[in-house]
Amino acid sequence: MKKIYGIIFGLFIGSLFFGVQPILADETTQPATSSSVQTATENKSDPQILYASHVQNIGWQNYVELGNTSGTTGRGLQLEAVKIKLNNAAQTYAGGISYQSHIENIGWQNAVTNDNISGTSGRGLRLEAIKINLTGELATKYDIYYRVHAQNLGWLDWAKNGANAGTAGLALRLEALQIKIVAKNAAAPGGTARPYASASTINYQTHIENIGWQGLVSSNQVSGTTGRGLRIEGLKINLANNGLTGAINYQSHVQNIGWQSAVSNGAMSGTTGRGLRIEAINIRLSGEVANQYDIYYRVHIQDKGWLGWAKNGTNAGSMGIGKRLEALQIRLVIKGDQSAPGLGTASVSAGDFKPQIYRPTYFSQLDGSWSSMTFNGHSMGASGCVPTSLAMVLNGSFRMNVSPVDVAHRMDGLSSASYGATGRDLVNTAQSYGRSVEQISSEQRLAQVLQEGYPVIMFENVGIGHAIAVYGYSNGNTETFDPYNCQFFNGWVGVGTLFNRPSADPADWDAGRPVFVIR
């Protein structure tokens, strides 16, 4: 010890002699150099993240790390809760991990930290989304990435540092989870384009006669007008806030054009500036959005009002009967949602617009009550087949309180014929009673209108031109109502037979082939 003290004393004296500041054993040490700080930093460990999932029908799985999968894929099992922790918190930077879950019927829970449970167990509620953060100094040194496997969508892309991962508003379960930590601003472990898929919404607008483009409306709202008799001429439909792949596709049946080609995603269907009505539409979805949603739509149609709901590409409206669309509604409905509207009759034909029509009342032009009455300078018994046939239809089929006498008086005032009545006289008189008249030029069309239940008046060749009424259709035949005491036709006769023996009198053809459906 004396030797050591002597050495120290000598060093002390030497320092005084040479002007060197001595270092005493109890004096505070100088700050570390930058190289010593770097050494201390390098001694910090990278954080190790462990995570575990509570899985439907399984319960808590073991912890995994290093981006491995927690949960299941391909089994249709939902994640119900998660726990996340740092395995080496004492060896890494100060801070921790914070995470929160979006739960079925609950929404976002409050954030929890460091191995606490986020989610539920024993309640059968699915996780739908998750977000994870690093905290403290740890967050300044590292980024945390995570991605989820979602029902029907598979693996979504990687989310980062508290961003949402999963789905919202789609009622889809999370099935698996992966988590990775990387150095701050280092490359992501994979794609980051779509870590989160939100519910889709729909916007649409119509171009209206005398108005132009109306403003956008959203799901289930009315676009167009009702009670104003204005046609829809154009249509645009677009998906908004769409976190899913796919498109909305739609097409219109347009007056004088027919079905146009389908368009998508906000493009115009129909026409503008041409005065053409849209008569029918259909709408369908494609891609992921079609897997998650059904598209429902209904139209308000001229002379009929609101039709029933159509779904996923079914036609709504009418074709070939000249009826305009006046308004429409469209709804996006998640598949399986019990609030979906019930389907109904979404498309109509000409038969849906006809009133209740009955069998004609039989009248004979030879009836003594009017057979001697003068019609166009001759007796009803001799020349009254046309007014008598029209009276059968008006009185019986349309329940109008008229007789052959009433019809003959009116027709006499509208006709310039010198004997009987012409095809044009029949048309003018029927229209004067508020009926519409269609001239029939083909046997096929004649059979069609008879099958639809409309009465027809035909001018037949029985040696002279002779008008009869016909009604009904069965096995190619129609029932005849011959006003000349059924002398020329009685009962059911072939439609082809009647169509192919028209009157040879040119006066009967002054309104076209003398076959007329009365509506």
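The structure displayed is predicted, hence computed values, not measured ones.

Trainee: Please clarify how the side chain of Ser383 should be interpreted in this entry.
Mentor: The topology assignment puts Ser383 in helix α5 (residues 380-383). Using a relative accessible area of 3% as the deciding quantity, one classes Ser383 as buried. Residues within four places of Ser383 in sequence aside, it is in contact with Gln365, Phe375, His378, Tyr419 and Gly420.

Trainee: How do you make sense of helix α7 (residues 404-414) when you look at a structure like this?
Mentor: Spacing of three or four residues puts side chains on the same side of an α-helix, whose turn is 3.6 residues. When α7 is considered as a whole, its buried residues turn out to be Pro404, Val407, Ala408 and Met411. Relative to the axis of α7, the buried residues are bounded by an arc of 100° and lie together on one face. Away from its buried face by more than 90 degrees, α7 exposes His409 and Gly413. Tucked inside the fold, the buried residues of α7 contact β32 (374-375), α5, α6 (385-397) and α8 (423-432).

Trainee: I would appreciate a short explanation of the pattern of salt bridges in the present structure.
Mentor: Close approach of charged atoms allows side chains of opposite charge to pair. Considering all chains together, one arrives at 17 salt bridges under this definition. Measuring nitrogen to oxygen at the nearest pair gives 3.9 Å for the salt bridge that ties Lys311 to Asp294. Pair noted here: Lys311 is in strand β28 (residues 310-311) and Asp294 is in strand β26 (residues 293-301), with a separation of 17 residues, a long-range link. For Asp294, a relative accessible area of 8% translates into the label buried. The closest approach of N and O atoms between Glu326 and Arg324, which form a salt bridge, is 2.7 Å. In terms of burial, Glu326 and Arg324 fall into one category: buried. Salt bridges here are not isolated pairs; linked through shared partners, they connect Glu104, Arg126 and Glu128.

Trainee: Sorry if this is basic, but what is going on with the sheet that holds strand β36 (residues 465-474) here?
Mentor: Two pairing modes exist for strands in a sheet, parallel and antiparallel, and in both the strands are linked by backbone hydrogen bonds. Taken together, 6 strands build an open sheet; the order of strands is β34-β39-β35-β36-β37-β38 and the sheet is antiparallel. Whereas interior strands pair on both sides, the edge strands pair on one side only; in this sheet they are β34 (437-439) and β38 (491-494). Each adjacent strand pair in this sheet contributes to an overall mean axis angle of 40°, direction not counted. Examined bridge by bridge, strand β37 (residues 477-481) and β38 share 4 bridges and lie antiparallel to one another. When the bridges of β38 are listed, Thr480 appears paired with Gly491. Docked against the sheet, α6 engages β35 (456-461), β36, β37 and β39 (515-518), running at close to 25° with respect to β36. In the packing of α8 onto the sheet, contacts are made with β34, β35 and β39, and the angle to β39 comes to roughly 5°.

Trainee: Could you clarify how one ought to interpret the sheet that holds strand β2 (residues 59-60) in this entry?
Mentor: Taken together, the 4 strands give an open sheet; going across it, the order is β2-β1-β4-β8, and neighbouring strands pair in antiparallel fashion. For this open sheet the edge positions go to β2 and β8 (118-119), each flanked by a neighbour on one side alone.

Trainee: How should I be thinking about the packing of α7 against α8 in this particular structure?
Mentor: Running from N to C, α7 and α8 cross one another at 120°; their axes reach a closest spacing of 9 Å. Taken together, the axes of α7 and α8 lie oblique to each other. Here α7 runs over α8; the crossing is right-handed. Between α7 and α8, the contacting residues are Val407, Arg410, Met411 and Leu414 on the first element and Asp425, Leu426, Asn428, Thr429 and Ser432 on the second.

Trainee: Which parts of the structure should I look at to understand unusual backbone geometry?
Mentor: Positive phi is not limited to glycine here, since Asn265 has a value of about 50°. Position of Asn265 among the secondary structure elements: in the loop between β23 (263-264) and β24 (269-270). Of note in this structure, Asn376 is not a glycine but carries a positive phi near 50°. Positionally, Asn376 belongs in the loop between β32 and β33 (378-379).

Trainee: How should I be thinking about the packing of α6 against α7 in this particular structure?
Mentor: When two helices pack together, their arrangement is captured by the angle between the axes and the distance separating the axes. The N-to-C vectors of α6 and α7 enclose an angle of 125°; their axes lie 8 Å apart at closest approach. If you check the angle between α6 and α7, you find them oblique. When the axes of α6 and α7 are compared, the crossing they make is right-handed. Residue-level contacts link Val386, Pro387, Thr388, Leu390, Ala391 and Leu394 of α6 to Pro404, Val407, Ala408 and Met411 of α7.

Here is what the cut-offs are and how they apply
- Residues numbered from 1 in each chain as written.
- Predicted model: local features only at pLDDT ≥ 70, side-chain atom pairs only at ≥ 80, totals over all residues.
- Heavy atoms only, no water.
- Helix = DSSP H or I, 4+ residues; strand = E, 2+ residues; numbered from the N terminus.
- Buried < 20%, exposed > 50% of the residue type's maximum accessible area, 1.4 Å probe, protein only.
- Contact = heavy atoms within 4.5 Å.
- Arc of directions from axis to C-beta.
- Salt bridge = Lys/Arg side-chain N within 4 Å of Asp/Glu carboxyl O.
- Pairing = 2+ DSSP bridges.
- Axes fitted to C-alpha atoms, helices over the stretch in contact; angles between N-to-C directions.
- Parallel < 35°, antiparallel > 145°, perpendicular 65-115°, else oblique.
- Left-handed = near helix turned anticlockwise from the far one by under 90°.

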